[in-house]
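Now for the letters of each chain:
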Amino acid sequence: MLNYNLAVPDVDDAGVLSALVAEGDELDALVRAVDDWSVPTPAPGWTIAHQIAHLAWSDANALSALRTPDAFGAELKRAEAEGGGYADKAAAAGAATPRSVLLDEWRTGRAELAAALRETPWDHAFPWYMSKVTPALMTPLRLMETWAHGQDVFDAVGVAHRPTDRLQHVASLGVLGRALSFAAVGLPEPADPFRVELTAPDGGTWVWGPEDAAHRIQGGANDFCLCVTRRRPWSETDMTATGEDAQKWLELARVFL
């Protein structure tokens, strides 16, 4: 993962920790009402159980990295040895766990992680995959992943995923991840500035970049987040791009490798 170059405040002024907890609680309310977790989701080969198992596993890894970084080194070695199938293997193992046990594990793990992030200095660095992170970065990353995998579950059960102002944290990662989007396919990041204007769920506008930038991306915040988390191609959203580089960014957009 590339460095997002996030400014690190001394405290969680933006309330992203509360947003992370709320996002997990919303998905929890959905999945506990679904008796059959073998329902397939849009991710090939992944059921609802796989999605929850992946979130529980990722939360556990983040907690290990934060509390016992030396022990987390063994997890990093396994990831390097197993390559691309690493996350799929872990999700499959978790999905084989009884539904009630997996739900309890996910609940306990995400609560422990939120507490640990809250108790840790916001600028404390600890190891992660291909990088080092801080609570200031890990918290929105966990929020982004919870929202994205939650979207897969909402899609699987045919329930609308109501947009909230928590999307601003996901959108911010999407904007900051522009370099990652180009680097993932071996392209240099365009040097010229970009302007991103998104319509928030409450009808307001979230903006990034200079007002006079020639390269512009506009549309709904929910659609932008769907693009950068690779849940929808931008051609299936209301997003518009002005400039060749802006169009290329939306085609490649991502917040993870």
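Asks: Whenever I open this one, helix H10 (residues 244–252) confuses me. Can you help?
Replies: Think of an α-helix as turning once every 3.6 residues; residues three or four places apart then point the same way. What H10 keeps buried is the set Ala-246, Trp-249, Leu-250 and Leu-252. Contacts from the buried residues of H10 go to helix H7 (167–176), helix H8 (178–183), strand E3 (194–199), strand E5 (215–220), helix H9 (221–228) and strand E6 (240–242).

Asks: Can you walk me through the environment of Asp-28 in this structure?
Replies: With respect to the secondary-structure elements, Asp-28 resides in helix H1 (residues 16–31). Residue Asp-28 is classed as buried on the basis of its relative accessible area, which comes to 3%. Along the sequence, Asp-28 and Trp-106 sit 78 residues apart, while their C-alpha atoms lie 9.2 Å from each other. Those residues within four positions of Asp-28 in sequence are excluded, and the remaining contacts are Leu-103, Trp-106, Arg-107 and Arg-110. A distance of 2.8 Å separates a polar atom in the side chain of Asp-28 from a polar atom in the side chain of Arg-107.

Asks: Sorry, what's going on with the nonpolar core here?
Replies: One broad trend across soluble globular proteins is that nonpolar side chains are buried collectively. Counting 56 residues, the largest nonpolar core has Trp-128, Leu-198, Ile-217, Phe-224 and Trp-249 as its most contacted members. Broken down by element, this core gets its largest block of residues, 8 residues, from helix H6 (residues 135–157). Beyond its immediate sequence surroundings of up to four residues, Trp-128 is in contact with Ser-58, Asn-61, Ala-62, Ala-65, Phe-72, Leu-76, Val-133 and Met-138. The next biggest cluster of nonpolar side chains, apart from the first, holds 17 residues, and it includes Ala-56, Ala-95, Trp-106 and Val-153.

Asks: I keep staring at helix H3 (residues 69–82) and nothing clicks. Help me out?
Replies: When the terminal C-alpha atoms of H3 are compared, their 20 Å separation across 14 residues agrees well with the 20 Å that a helix rising 1.5 Å per residue should span. Looking only at H3, the buried set comprises Phe-72, Glu-75 and Ala-79. The buried residues of H3 occupy an angular sector of 45° when projected down its axis, which confines them to one face. Relative to its buried face, H3 has exposed residues pointing more than 90 degrees away, namely Asp-70, Lys-77, Glu-80 and Ala-81.

Asks: Whenever I open this one, the pattern of salt bridges confuses me. Can you help?
Replies: Pairs may arise between side chains of opposite charge once their charged atoms sit close together. According to the stated counting rule, one finds 16 salt bridges in the structure shown. Here Asp-152 and Arg-231 are joined by a salt bridge, their closest N and O atoms 2.7 Å apart. Taken together, the residues Asp-152 in helix H6 and Arg-231 in the loop between H9 and E6 connect sequence positions 79 residues apart. One salt bridge connects Glu-197 with Arg-195, and the closest N-O pair in it is separated by 3.0 Å. Assessed through its relative accessible area of 12%, Arg-195 is described here as buried. Each of the salt bridges in this network shares a partner with another, and the network as a whole consists of Asp-25, Asp-28, Arg-32, Arg-107 and Arg-110.

Parameters at a glance
- Residues numbered from 1 in each chain as written.
- Predicted model: local features only at pLDDT ≥ 70, side-chain atom pairs only at ≥ 80, totals over all residues.
- Heavy atoms only, no water.
- Buried < 20%, exposed > 50% of the residue type's maximum accessible area, 1.4 Å probe, protein only.
- Helix = DSSP H or I, 4+ residues; strand = E, 2+ residues; numbered from the N terminus.
- Contact = heavy atoms within 4.5 Å.
- Polar contact = N/O pair within 3.5 Å; in protein donor to acceptor, adjacent residues only side chain to side chain.
- Core = buried A, V, L, I, M, F, W, Y, C linked by side-chain atoms within 4.5 Å.
- Expected span 1.5 Å × (residues − 1).
- Arc of directions from axis to C-beta.
- Salt bridge = Lys/Arg side-chain N within 4 Å of Asp/Glu carboxyl O.

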